[in-house]
Structures are given as C-alpha cells and as structure tokens.
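Tertiary structure, described
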Amino acid sequence: MKRILLSLALLASCLGLRGQVTYTDASALPLYGKAAETDGYRRLPASLEGVTREAVWNLGRHSAGLYLRFRTDAPEIHARWSNTGHHMPHMTDCGTGGLDLYAHLDGEWKYIRSGFGKAVANKDYEVRLVGDMQPAMREYMLYLALYDEILSLELGVPEGYALYQPELESPVSEKPVVMYGTSILQGGCASRPGMAHTNILARRLDRTVINLGFSGNAHLDSELAHLMASVPDPSVFVLDYVPNASESMIEEKGEAFFRILREAHPNVPVIFVEDPHFSHALLDQTRATEVSVRNAAQRALYERLVAAGEKLLFYVHSFSMTDQEDFVDGVHFTDRGMTHYADLLEPFLREALGEVPGNWKRPR
C-alpha cells in the first residue's frame, strides 16, 4: 500500500498536480482591444451612455474583440465566468458567450480549447480549459465572448502555481488597427471567439485590432467616429459599415464621419469596404439591388474624397469577397467565411501598414 501511495504521489508530482484550484479575478491581468477605458469587459466608455443610441450602447457591453494575456507554468488552467446568457439560433453559444484559449507555441499563437456552456440568463460557468500539461512557463491569450456581456471572470490554476503578467508583446498593442462596422465585424456568426475575422487578422498581423462592430447598428453615428478618433496613435482605420447603412446614410453622413477621423489623424490610412454579395442575393432581386445601391454610394463617397485630394485611402471591392458557401443564414459568416474575409482584407491592411507586398495583387 505504501508503494502504491508513493507511486501516486510521484505521478502527481510529475503532472504538477498540487491540490485545489485557486482562482484569480481576471481584472488583475492586462486586457487588450479597447478603444477607451471602460467598465469591466465592455467596449464603450461610460461617457457614451445616454449619448449614443440605446441599441449601440447595449451592443457596446458585449466583449467582442477583447482578450486577456498572461503567463503561467501551471499544468492546468480553469475559467469561471458569468454572462447574461444571450442566445441566437444561428450562432453557437460558444461564439456568443464563450471563451477561447490560445498558447504561444513554436513562435505563433495556436488554438488550444474553448470554454462554453448552454446559454442561460445570468448563468455561472466553470470549465477546465486545458489540463494534464507538462509544467512549463508559457504565454497565453484568452479571447472573450463576441455577443454577450461578461459580468464576471476568474481564471484558476492548481495550488502552488500562479498567473503572471505577460512578457511577450504579442499581438503588439501599440498602433492598433481600428475597425468599425456591423454584425459581421462584431463576430457573427463565428463558431468561437478566436474565429472572428478581426481576431484572425490580429494574429496574422501580430497587432491589436479594436473591434467596433455593432450588430445591425453601423449607422455612421458621429460619437463612434469621435471614439475612433480618440484612440492614441492608430495605424489604420477600417470602415465596414455598408451592410447596415442605407444609401441616404452614406450620402448624408459618410463624409462627416470620415472628416472626424481625418482631422484627428491626418496621416492614418483609411480603408473603405463594400457590402458583401450575400448568398441569397444570387436569387433575391430586392437584396441584390440593395447591395448594388449601397456599394455605389460607398464608391461615390470614396471617389469624392480622392477627387478632393485625400491621400492614404484604400477601397475593398465586394466582387471577390466571399463565395456562396461562406454563410450560415445568407448574410452572416461561418468560420469559412470569416477566414475568406480575413484573406481578402489582409493584403489591404499590410499595404496600408507599409509592409512590403508579397506575391499578391490586390484588386483595384
């Protein structure tokens, strides 16, 4: 019996198992992806409550694009959190309200595992994100929910281990890319947080991407332009609002929105993006006409700015944006669609960032 107990003790020691899990409030760890200081895991600052439209404010409570960074040598990592239990039939509960853990291995960020539960109002979840690891100091990144508000969040490791501040500066937080747009930009309908195209791009570019996507509500509200303009030293602005903006909105508010950004940051590139050709627009003539009209308005805005002498402008056409299999409901992207969208935007971003083009030729 003593030999058995000794063997079990040695095995536990080798696996790094040291008893109960100790939890730490995630607020002790650095949080990235915000345009400004906010309460908790929200994207909009308290100063905009009652200023921006209620729908925008409520969506700004969602943690899309936010991520935590930390180090630990623990053999297992746990998470427990609470959210509002928002559920949508065309998006997984994992993507809506779950967490995604990545580890920096072999010089790149690699997906490890997700934490999620069935969406229930004000439900607490507790998940072992990964375990049975050889204890070794590693850098981790934890993406937060795309379509829900995180009310509380704690990370846990076995007793005897701890969570430490990250040492690796990746994705680089200086000179972030700031993106404004719709439900697609917010993350609809990625199966898990790390597969939102904004997060895919952040890993590829090794640069923080600030996600200001507001489902159904990218209406070119001026307070959002001012929020974007307030970001210190941005590298690129991406304007991807067309799926939510009518022709009249683009004509009446598009240039004013742009001017707010340009006044604050005269030397920052701006990328204008067209409306995707949604799969059902292949047969739905009303939707096909809407897309065509909105894209024409976006193109006219871009050409008007170019004619006025504006520089550092880029334009993304929709003709090569997606294919028919990229959608979950005819409008929002699957993970496949998110990947294709990232593929399309990446070269524009790299050119805007001043990186030497590779073997690609972006459409004009």
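Scoring rules and cut-offs
Within every chain, residues take consecutive numbers counted from 1 along the sequence as written. pLDDT decides what is reported in this predicted model: residues at 70 or higher carry local features, side-chain atom pairs at 80 or more are listed and counted, and totals for whole chains, interfaces and linings draw on all residues regardless. In computing side-chain properties, one takes all heavy atoms of the structure into account and sets aside hydrogens as well as water. Where helices and strands are cited, they refer to DSSP runs of H or I of at least four residues and of E of at least two residues respectively, numbered from the N terminus. Both definitions apply: the radius of gyration is a C-alpha atom measure, and the globule rule equals 2.2 Å times residues to the power 0.38. Partly exposed residues are those whose accessible area sits between 20% and 50% of the maximum for their type, while under 20% is buried and over 50% is exposed, using a 1.4 Å probe and protein chains only. Contacts are assigned to residue pairs that have any heavy atoms within 4.5 Å of one another. Note that accessible areas follow from Shrake-Rupley with a 1.4 Å probe, and for residues the cover is restricted to the protein chains shown. His residues and chain termini do not enter the charge count, which takes Lys and Arg as positive and Asp and Glu as negative. A charge is said to be at NZ when it belongs to Lys, at CZ for Arg, at CG for Asp and at CD for Glu. Note on aromatic pairs: the rings of Phe, Tyr and Trp (six-membered ring only in Trp) are paired at centre separations within 6.5 Å, and the planes decide the class, stacked below 30 degrees, edge-to-face beyond 60, tilted for the rest. Lysine and arginine charges are scored as sitting over a ring when NZ or CZ, respectively, is within 6 Å of the ring centre and within 35 degrees of the ring normal. A cavity here means a set of points on a 1 Å grid, drawn over the protein atoms and nothing else, where a 1.4 Å probe fits but cannot get out; a pocket is an open set with protein on both sides within 12 Å along at least five of seven lines, and a residue lines either one if it has an atom within 4 Å of a point. Grid points are joined across faces, edges and corners, and a volume is the space filled by probe spheres set on the points. Polar here means any residue outside two lists: the nonpolar Ala, Val, Leu, Ile, Met, Phe, Trp, Tyr, Cys and Pro, and the charged Asp, Glu, Lys and Arg; Gly therefore counts as polar. Strand pairing requires that DSSP identify at least two bridges connecting the strands. Each axis is a line fitted through C-alpha atoms, taken for helices only over the stretch in contact, and angles between the N-to-C directions span 0 to 180 degrees. Should an angle fall under 35 degrees it is taken as roughly parallel, and over 145 as roughly antiparallel, whereas 65 to 115 is taken as roughly perpendicular and any remaining angle as oblique. The hand of a helix crossing depends on one turn: near helix anticlockwise from the far one by less than a right angle means left-handed, and clockwise means right-handed.

Of regular secondary structure, the chain possesses nine helices and 14 strands. Relative to the compact-globule value of 21 Å for 364 residues, the chain shows a C-alpha radius of gyration of 22 Å, a close match. Out of the 364 residues in the chain, the part that is buried amounts to 55%. Excluding contacts between residues fewer than 6 apart, the proportion of contacts in the chain whose partners are at least 24 apart in sequence is 81%. Of the roughly 15600 Å² that the chain leaves accessible, carbon and sulfur atoms contribute 51%. In the chain, which carries 35 positive and 47 negative side-chain charges, the distance between the mean positions of the two groups comes to 4 Å.

Take unusual backbone geometry next. Residues other than glycine predominantly adopt negative phi, and peptide bonds predominantly adopt the trans conformation. Here S170 and P171 are connected by a cis peptide whose omega angle stands at -10 degrees. Here P171 lies in the loop between β9 (150-158) and β10 (172-181). Here N122, not a glycine, exhibits a phi torsion of approximately 50 degrees, which is positive. Tracing the sequence through the fold places N122 in the loop between β6 (108-115) and β7 (124-130). Given a relative accessible area of 55%, N122 falls into the exposed group. At D233, a residue that is not glycine, the phi angle is positive and equals roughly 50 degrees. With respect to the element layout, D233 can be found in the loop between α6 (222-229) and β12 (236-240).

Following the criterion strictly, the structure yields 13 aromatic pairs and no others. Relative to F257, the ring of Y180 lies with its centre 5.0 Å away and its plane at 25 degrees, an arrangement referred to as stacked. Highlighted residues: Y180 in strand β10 and F257 in helix α7 (residues 247-264), separated in sequence by 77 residues. Of the two residues, Y180 and F257, neither departs from the other in class, the shared state being buried. Their ring planes at 70 degrees and their centres at 5.0 Å tell us that F333 and Y341 sit as a pair that is edge-to-face. In terms of burial, F333 and Y341 fall into one category: buried. The ring of Y315 carries R299 above its face, with NZ or CZ at 4.6 Å from the centroid.

Right, let's talk about α6 for a bit. Across the eight residues of α6, six count as buried, placing the element largely inside the fold. Residues E223, L224, A225, L227, M228 and A229 constitute the buried set of α6. On its buried side, α6 packs onto α2 (54-60), β10, β11 (207-213), β12 and α7.

The full count for this structure, using the stated rule, is two cavities of 30 Å³ or more. Here the lining of the largest cavity gets three residues from one element, more than from any other, and that element is helix α3 (residues 93-97). A breakdown of the residues in the lining of the largest cavity according to their chemical character gives three nonpolar, seven polar and three charged. Taken together, Y32, Y67, R69, P166, L168, E169, S170 and P171 make up the lining of the second largest cavity. For the lining of the second largest cavity, the per-class residue count stands at five nonpolar, one polar and two charged.

What follows covers the layout of surface pockets. In this structure, the largest pocket spans a volume of roughly 320 Å³. Taken together, 15 residues make up the lining of the largest pocket; nearest its centre are Y32, G33, K34, S173 and I210. Those elements that provide at least two residues to the lining of the largest pocket are β2 (31-32), β10 and β11. Take the lining of the largest pocket: its biggest share by element is four residues, from β10.

We now examine the sheet that holds strand β3 (residues 67-72). Ordered in space as β2-β3-β8-β5-β6, the five strands form an open sheet in which the pairing is antiparallel. Two strands lie at the open edges of the sheet, namely β2 and β6, each paired on one side alone.

The next subject is the sheet that holds strand β1 (residues 21-25). The four strands are arranged β1-β9-β4-β7 in an open sheet whose pairing can be described as antiparallel. Where the open sheet ends on each side, the last strands, each with one partner, are β1 and β7. Within this sheet the neighbouring strands show an average axis-to-axis angle of 25 degrees, counted without direction. Sheet topology places strand β4 (residues 77-83) next to β9; six bridges connect them, and they run antiparallel. Its bridge partner being in β9, R80 is matched across the sheet by E154.

Quick look at the packing of α6 against α7 now. Two numbers describe how α6 lies on α7: the axes approach to 9 Å, and their chain directions differ by 20 degrees. When the axis of α6 is compared with that of α7, the two are roughly parallel. Viewed along their axes, α6 and α7 form a crossing whose handedness is right-handed. Where α6 approaches α7, its residues S222, L224, A225, H226, M228 and A229 are matched on the opposing element by F257, I260, L261 and A264. Within the contact of α6 with α7, the residues separate by chemical class into eight nonpolar, two polar and no charged.

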